[in-house]
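# Reading the structure
Given next are the chains, with one letter for each unit.
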Amino acid sequence: MKLVARRLDVVEPSPTLAITAKANALKASGVDVIGFGAGEPDFDTPDHIKVAAKKAMDLGKTKYTPVSGTVGLKEAILAKFKKENGLDYEKNQVIVGTGGKQVIYNFFMATLNPGDEVIIPAPYWVSYADIVRLAEGVPVIVSTTPESNFQITPVQLEANITPRTKVFIFNSPSNPTGAAYSKKDVQALCDILVNHDIITLSDDIYEKIIYDGLEFCNPAMISQAMKEKTFIVNGVSKAYSMTGWRIGYGVGNAEIVKNMDTMQGQSTSNASSISQAAAEEALKADQDCVETMRIAFDKRRKLIVDLLNEIPGIQCNLPQGAFYAFPYIDGVYSLPKFQAILNSEANAKSDKKNSSPNKSTVFCDILLNKYNVAAVPGIAFGDDNALRLSYALGEDDIRKGVERIKKMVSDLS
Ligand SMILES: Cc1ncc(COP(=O)(O)O)c(C=O)c1O
């Protein structure tokens, strides 16, 4: 009996979750692993948010809610968009899901037809391309470089638009590069987008983790015309350190929201009632806790980038947002010892009639197995020249982890 559905042929298991699981298993066996792999803040969820969840349980808010979310949370979301982004939406334009990831999944399941193209600037968040494939769409990957600060240019965007383009994914600040677009950069992309029949999916999940006074801007904030063509995804995971609570939300065209509601109603129904009460508190309460975490991330950002740039063969841009560094390690790839390891891996693989190994995967395997540092290979984000290091860990661990990377590079030199 064939157990696997054909639709699984086009997707890979999430590499970030896989690395984290491997690192956790090593840790559990007593190995002192430094984990740069996880895509989540290391802080505890703030107390006032936990109190709201406990109160919801005590008040018996433990039943099904409307599929698209409680009235209270939807009102808090609408108020957030008005206050923080200057955007007005109606209640039938908002949907709450089990994490931003489910909102993105439902968005694509509700909008794509087979063969519809989705423009995805690379390096990209691991799940975009796989979700698009699951929804029978075609990811059109557009590579960017450290020289353009990992931003897609208007020329690149226009060159990749075809009559089959349905969606453009915009993610700022970005996972994995931490790059963030200024208002001027967003405006330049919108000058192209506004003339096409394309929906922009704006993934704003790192909106609140932004540095050096850069003002957050998404395409919907550029003009009314762009607002009508933009679907925004956001959530409480990253800003409030609530990854396990699983609350994300989306706003945009009411018909898309209605179809996403249908998708969700036939799969998971509503997100957890208790988590929704907690998310409502997170959005409505004083935002001091967000600022405290942002300041801590900012310090770690400068520390990790400075330390990485001291290593010969490694070059790292200073990210403008999120909590990831995306150092380029192609200088290490050219070292003869690394080349020798690659060749022996390639020979082992060719015995098994498999393709040659990805350099960033080989690098990260050695880093984890020999130097006990977990990092995610850049190839998982569509760029084999780099690795992604999450700096959501204490400064001592950052120092220790980067020291081990330095040792690995020195051993290869
Ligand atoms: C760019 C981006 N979008 C969306 C998500 C989804 O987050 P969640 O499902 O926890 O809300 C993540 C999480 O890693 C992310 O990095």
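Residues numbered from 1 in each chain as written. Predicted model: local features only at pLDDT ≥ 70, side-chain atom pairs only at ≥ 80, totals over all residues. Heavy atoms only, no water.

## Some remarks on the domain arrangement of the chain
Parsing the chain into structural domains produces domain 1 (6-44 + 289-412) and domain 2 (47-284). Taking only C-alpha atoms, the centre of domain 1 and the centre of domain 2 are 26 Å apart. Together domain 1 and domain 2 conceal approximately 3,000 Å² of surface at their shared face, both sides included; 58% is due to carbon and sulfur atoms. Viewed at the interface, domain 2 and domain 1 are joined by two salt bridges. The closest approach of N and O atoms between aspartate 44 and lysine 50, which form a salt bridge, is 2.8 Å. On the surface where domain 1 and domain 2 come into contact, there are 18 residue pairs in polar contact (both at pLDDT 80 or more). Taken together, the elements giving at least two residues each to the side of domain 1 that touches domain 2 come down to helix H1 (15-28), helix H11 (288-309) and strand E9 (324-325). Taken together, the residues that form the side of domain 1 that touches domain 2 break down as 21 nonpolar, seven polar and nine charged. (Domains from an automatic or database assignment. Buried area = accessible area lost by both parts, 1.4 Å probe. Salt bridge = Lys/Arg side-chain N within 4 Å of Asp/Glu carboxyl O. Polar contact = N/O pair within 3.5 Å; in protein donor to acceptor, adjacent residues only side chain to side chain. Helix = DSSP H or I, 4+ residues; strand = E, 2+ residues; numbered from the N terminus. Nonpolar A, V, L, I, M, F, W, Y, C, P; charged D, E, K, R; others polar.)

## Considerations on helix H9 (residues 254-265)
Owing to its 3.6 residues per turn, the α-helix brings residues three or four apart onto one side. Relative to the 16 Å expected for twelve residues at 1.5 Å per residue, H9 spans 16 Å between its end C-alpha atoms, a close match to the ideal helical length. Along its buried surface, H9 packs onto strand E2 (94-97), helix H4 (100-111), strand E6 (199-203) and strand E7 (230-235). The opening residue of H9, the one whose side-chain oxygen lies 2.8 Å from the backbone nitrogen of glutamate 255, is asparagine 253. (Expected span 1.5 Å × (residues − 1). Contact = heavy atoms within 4.5 Å.)

## What about the packing of aromatic side chains?
In total, this model carries 17 aromatic pairs according to the counting rule given. Between the aromatic rings of phenylalanine 43 and phenylalanine 297, the centroid separation amounts to 5.3 Å while the plane-to-plane angle is 70°, which identifies the pairing as edge-to-face. On the criterion of sequence distance, the pair formed by phenylalanine 43 in the loop between strand E1 (34-35) and helix H2 (47-58) and phenylalanine 297 in helix H11 is long-range, its members being 254 residues apart. Phenylalanine 297 gets classed as buried once you look at its relative accessible area, which sits at 1%. Between phenylalanine 338 and phenylalanine 363, the aromatic rings sit 6.3 Å apart at their centres with planes inclined by 55°, giving tilted as the arrangement. Remark: phenylalanine 363 occurs in helix H14 (residues 359-371) and phenylalanine 338 occurs in helix H13 (residues 336-351); sequence separation between them is 25 residues. According to the relative accessible area criterion, phenylalanine 338 is buried, its value standing at 0%. An aromatic cluster of at least three residues, connected via ring pairs, comprises Phe43, Tyr206, Phe297, Phe323, Tyr324 and Tyr391. Against the face of phenylalanine 81 rests lysine 80, its NZ or CZ located 4.9 Å from the ring centre. A cation over an aromatic ring shows up here: lysine 227 above the ring of tyrosine 89, its NZ or CZ 4.4 Å from the ring centre. (Phe/Tyr/Trp six-rings, centres within 6.5 Å; stacked < 30°, edge-to-face > 60°. Buried < 20%, exposed > 50% of the residue type's maximum accessible area, 1.4 Å probe, protein only. Lys NZ or Arg CZ within 6 Å of the ring centre and 35° of its normal.)

## Considerations on the site of the ligand
Around the ligand, the surrounding shell holds 13 residues, and the nearest of these are Gly100, Asn175, Asp203, Ser237 and Lys238. Between an oxygen atom of the ligand and a main-chain N or O atom of lysine 101, the distance comes to 3.0 Å. Between the ligand and the protein, one listed contact pairs an oxygen atom with a side-chain N or O atom of lysine 238 at 2.6 Å. In the complex, 92% of the free accessible area of the ligand, which totals 390 Å², lies under the protein chains. Looking at the shell around the ligand, its residues break down into four nonpolar, five polar and four charged. (Near = heavy atom within 4 Å. Areas by Shrake-Rupley, 256 points an atom, 1.4 Å probe, with all protein chains shown as cover.)

## Here we look at the nonpolar core
Formed by 43 residues in total, the largest nonpolar core has its most connected members in Phe36, Ile304, Leu308, Phe338, Phe363 and Ile405. Elements with a minimum of two residues in this core: H11, E9, helix H12 (330-333), H13, H14, strand E12 (387-390) and helix H15 (395-412). Three or more residues apiece are contributed to this core by two domains, here domain 1 (6-44 + 289-412) and domain 2 (47-284). Not counting residues within four places of it along the chain, the set of residues in contact with leucine 308 comprises Ile314, Cys316, Ala325, Pro327, Leu389, Val402 and Ile405. Counting 39 residues, the second-largest nonpolar core is a separate cluster that includes Tyr128, Ile169, Ile256 and Met260. (Core = buried A, V, L, I, M, F, W, Y, C linked by side-chain atoms within 4.5 Å.)

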